[in-house]
Amino acid sequence: MCIRDRAKSKPEIPLGSDLLIYFYYLSLLLINKDGIVTFITQNSWLSSDYGKPFQDFLLNNTTIKLIADSIYKYFDEKDAPQINTIITIFKGNKKATTGRIYFNRYFEDLSKINCQYVDVENLTKNNLANVKRYNVLDKILLEYKWGVLFEMDNLLLKLLNKMKIKQAKDNVSIGQGLNISKDNIVKFNLIEGMAISKKAIPFLTNYDGSPFILKKTQNYIFNSTTITENERKFLNSKKIKPVKINSISRKVPDLILPRGVGKHFCTYNNIWAYSDSYVEIYNTANDTIKKNIWIFLNSSIAWFLREIAGRKNLGGGMLKAEATDLKQFPICFDFKSERMINKIYDDLSKRESENSLLEIESNEHKAIDKIVFDFLELNEEERTKIIGKLKKLIAFREQKSQNKKRGNL
């Protein structure tokens, strides 16, 4: 059978994919029923929007043997800067109905490990890798993006199941802030005291730090659909370009989270600000729902989920946690703790978020965790494990950042 004929029998791969996906697809057209394919690629397809349907496609068209991640960098950063790579091994071009898929995260250079890739006992006993095994028919492979499955254990599975059961019905949506250029942004002091300043829209950027409650911003933008022709000419004279914002399709975010995470925090948007490519939450309906979501997104559980679902490839110890990463988890709950939540809100309105490891130990964060942990009925051992795992993930990122800085000295 020629490649063209075999292609007719295969489902289409998802649109909007990275180029690497087409190489996976082509390999399935070329190999026979016993053929083995091994790829070294970026890990982006494990957590991206296009990656989810592609993962389903692989389950239906081949036998996946191994997806191997590693904390060890195999490529010189000058040749492949900030690229996290994985090894994928699969066999044949037919759907598997039996067997297991291994998700291994290695802690050592693979060239120094003298064992087979499925030698679980040797890998785990010698702390060479964290090994997760899933039956090929396990529903969890269809339910979550595979980037999460490297960290999935009984505790996380129990937590996610409880979150699904206890989540509140909502119309909340998650998106990303405005992707605009520097000439769209203006410092307020350039227009302060002028009549046009009344039409300036607050715009959250990295210059505003890590506020829990957004009260002001250093930068502003103008909506081209609400300014007059004279105002447009004035802005042009200052080399400021207004932004075309359709108020129907482009909603103001209720809550805002960093996309490149150095510090964990969720900002309560009190001034109707837009943001610069942050992760945004919309349609929270009322203040009570808004504060409930805000509390959850500032909890250790939400931070932990962002750590395991995001990608640690920004450099500088930062985490890349996209809107799409958050969409796979419930975030809306009715904690029925309005009085306590309002107190936490008042306390956090007086300061910004600290370094995440310090913030976890703050009185306000502990109060947030108590509300969320109590609501999800987690026992003391489970609470301790979640916080411990979170601290370990953050500390690992920060250590990588320190090591890189020392290397550059």
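Sequence order sets the numbering: in each chain, residues are counted from 1 along the sequence as written. Totals for whole chains, interfaces and linings use every residue, but because this is a predicted model, local features are given only for residues with pLDDT of at least 70 and side-chain atom pairs only at 80 or more, for both listing and counting. Side-chain metrics rest on all non-hydrogen atoms present in the structure, leaving aside hydrogens and water.

Caption draft 1: Local environment of the overall build of the protein. A tally of regular secondary structure across the protein gives 14 helices and 16 strands. Using a 1.4 Å probe on the protein chains alone, a residue whose accessible area is under 20% of its type maximum counts as buried, one over 50% counts as exposed, and one in between counts as partly exposed. Out of the 409 residues in the protein, the part that is buried amounts to 51%. In what follows, a contact means two residues having at least one pair of non-hydrogen atoms within 4.5 Å. Considering only intrachain contacts with a sequence separation of at least 6, the fraction spanning at least 24 residues in the protein is 71%. Looking at the protein as shown, the accessible area adds up to about 20,900 Å², and 51% of this sits on carbon and sulfur atoms. Numbering of helices and strands runs from the N terminus; a helix is a DSSP stretch of H or I covering at least four residues, while a strand is a stretch of E covering at least two. Here the accessible surface of atoms and residues is derived via Shrake-Rupley with a 1.4 Å probe, and residues count as covered only by protein chains that are part of the display.

Caption draft 2: Structural context of the nonpolar core. Counting residues in each nonpolar core, the largest one holds 84 residues, and the members touching the most others are Trp45, Trp146, Trp294, Phe296, Leu297 and Ile301. The element contributing the most residues to this core is helix 9 (residues 300-309), with 7 residues. Setting aside residues up to four positions removed in sequence, tryptophan 45 forms contacts with Leu20, Ile21, Tyr24, Tyr50, Gly51, Phe54, Gln55, Leu58, Ile67, Ile86, Thr88 and Trp146. Among the buried residues, those of types Ala, Val, Leu, Ile, Met, Phe, Trp, Tyr and Cys that are joined through side-chain atoms within 4.5 Å form a nonpolar core. Membership of the second largest hydrophobic core comes to 11 residues, among which are Ile89, Tyr102, Leu123 and Val131.

Caption draft 3: Local environment of the pattern of salt bridges. Here a salt bridge means any side-chain nitrogen of Lys or Arg lying within 4 Å of a carboxyl oxygen belonging to Asp or Glu. Within the structure shown, the criterion is met by 28 salt bridges. Residue aspartate 69 is joined to arginine 105 by a salt bridge in which the shortest nitrogen-to-oxygen separation is 3.0 Å. Taken together, the positions of aspartate 69 in strand 2 (residues 63-70) and arginine 105 in strand 4 (residues 100-106) put the pair 36 residues apart, joining distant regions of the chain. Relative accessible area serves as the criterion here: at 9%, aspartate 69 is assigned to the buried category. You can call arginine 105 buried: its relative accessible area is 16%. Close ionic contact of arginine 383 with aspartate 374 constitutes a salt bridge, the shortest N to O distance being 2.8 Å. Using a relative accessible area of 35% as the deciding quantity, one classes aspartate 374 as partly exposed.

Caption draft 4: Local environment of the side chain of glutamate 359. With respect to the secondary-structure elements, glutamate 359 resides in helix 12 (residues 356-359). Assessed through its relative accessible area of 1%, glutamate 359 is described here as buried. Each polar contact in these results corresponds to two N or O atoms within 3.5 Å; when the atoms are within protein, one needs to be able to donate a hydrogen and the other to accept it, and residues that are neighboring in sequence are counted only if both atoms are side-chain atoms. Of the polar contacts made by the side chain of glutamate 359, one reaches the side chain of arginine 351; its length is 2.7 Å. Excluding its chain neighbours within four sequence positions, the residues that come into contact with glutamate 359 are Phe212, Trp303, Arg351, Glu352, Ser353, Glu354 and His365.

Caption draft 5: Structural view of helix 2 (residues 19-30). What a helix should span is 1.5 Å times the count of its residues minus one. In a regular helix each residue adds 1.5 Å, so 12 residues correspond to 16 Å; helix 2 covers 18 Å between its end C-alpha atoms and thus fits that length. Looking only at helix 2, the buried set comprises Leu20, Ile21, Tyr24, Tyr25, Ser27, Leu28 and Leu29.

Everything listed here is a matter of geometry and, on its own, says nothing about what the molecule does.
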